[in-house]
Amino acid sequence: ASYFAGTVIGPFIADASSEATDPAGRVVGGIVICRMPADDASPGGPWVTEVFVEPDQQGHGVGRALFARAVGELRVAGETSLRLAVQIDNPARHVYERLGFATDSAWSRLVL
């Protein structure tokens, strides 16, 4: 509840967030966009805070459709960017690059 209330990350942007269902009504994907506040590490604004596509639906355009809808709604609202954070070894990284996302910063981590 606190996530959707905007007290954890930032306010939930309902118009840009959505779910995808198959013909039987099963949820097979979803995207959540929140307005993150600016700070020293981030310019703030709309961020993808959650995105998923069920494994049996991957490669069928579900994720692309979710992102296209989010971007369209954000453009209508006058937004000029959408950001996300992804680990460099995330297998979905190439999907985000094909959608037009570009790397503008990187962090390092040490796996213990």
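> How should I be thinking about the layout of surface pockets in this particular structure?
A water-sized probe rolled over the atoms picks out the places where empty space is left. Its volume calculated, the second largest pocket comes out at about 420 Å³. If you go around the second largest pocket, you meet 18 residues; those closest to its centre are Val53, Gln58, Gly59, Gly63 and Val95. For the lining of the second largest pocket, the elements supplying multiple residues, two or more each, are strand E3 (45–53), helix H2 (62–76) and helix H3 (93–98). For the lining of the second largest pocket, the class distribution of residues is 10 nonpolar, six polar and two charged.

> Please clarify how the pairing of strand E2 (residues 27–36) should be interpreted in this entry.
On any regular strand, side chains alternate: one points to one face of the sheet, the next to the other face. Along E2, seven of the 10 residues are buried, which leaves the element largely enclosed by surrounding structure. Across four bridges, strand E1 (residues 18–21) lies against E2 in antiparallel orientation. Opposite Glu19, over in E2, you have Gly30 as the bridge partner. Following E1, the chain reverses through five residues before pairing antiparallel with E2; Gly25 in that reversal takes a positive phi of roughly 90°. Judged from the eight bridges that link them, E2 and E3 form a sheet pairing that is antiparallel. Residue pairing across strands places Arg35 opposite Pro46, the latter belonging to E3.

> What should I look at first to understand the sheet that holds E3 in this one?
Note on sheets: strands pair through backbone hydrogen bonds, and any given pair is parallel or antiparallel. Taken together, three strands build an open sheet; the order of strands is E1-E2-E3 and the sheet is antiparallel. In the strand order of this sheet, the two ends are held by E1 and E3, each with one partner. The mean inter-strand angle of the sheet, taken between neighbouring strand axes irrespective of direction, is 10°. Strand contacts of H2: E1, E2 and E3, with the helix running at about 35° to E2, the strand carrying the most contacts.

Conventions adopted
Residues numbered from 1 in each chain as written. Predicted model: local features only at pLDDT ≥ 70, side-chain atom pairs only at ≥ 80, totals over all residues. Heavy atoms only, no water. 1 Å grid on protein atoms, 1.4 Å probe; cavity = no way out; pocket = protein on both sides within 12 Å on 5 of 7 lines; lining within 4 Å. Points joined across faces, edges and corners; volume = space filled by probe spheres on them. Helix = DSSP H or I, 4+ residues; strand = E, 2+ residues; numbered from the N terminus. Nonpolar A, V, L, I, M, F, W, Y, C, P; charged D, E, K, R; others polar. Buried < 20%, exposed > 50% of the residue type's maximum accessible area, 1.4 Å probe, protein only. Pairing = 2+ DSSP bridges. Axes fitted to C-alpha atoms, helices over the stretch in contact; angles between N-to-C directions. Contact = heavy atoms within 4.5 Å.

Function-wise, these values are silent; they only describe arrangement.
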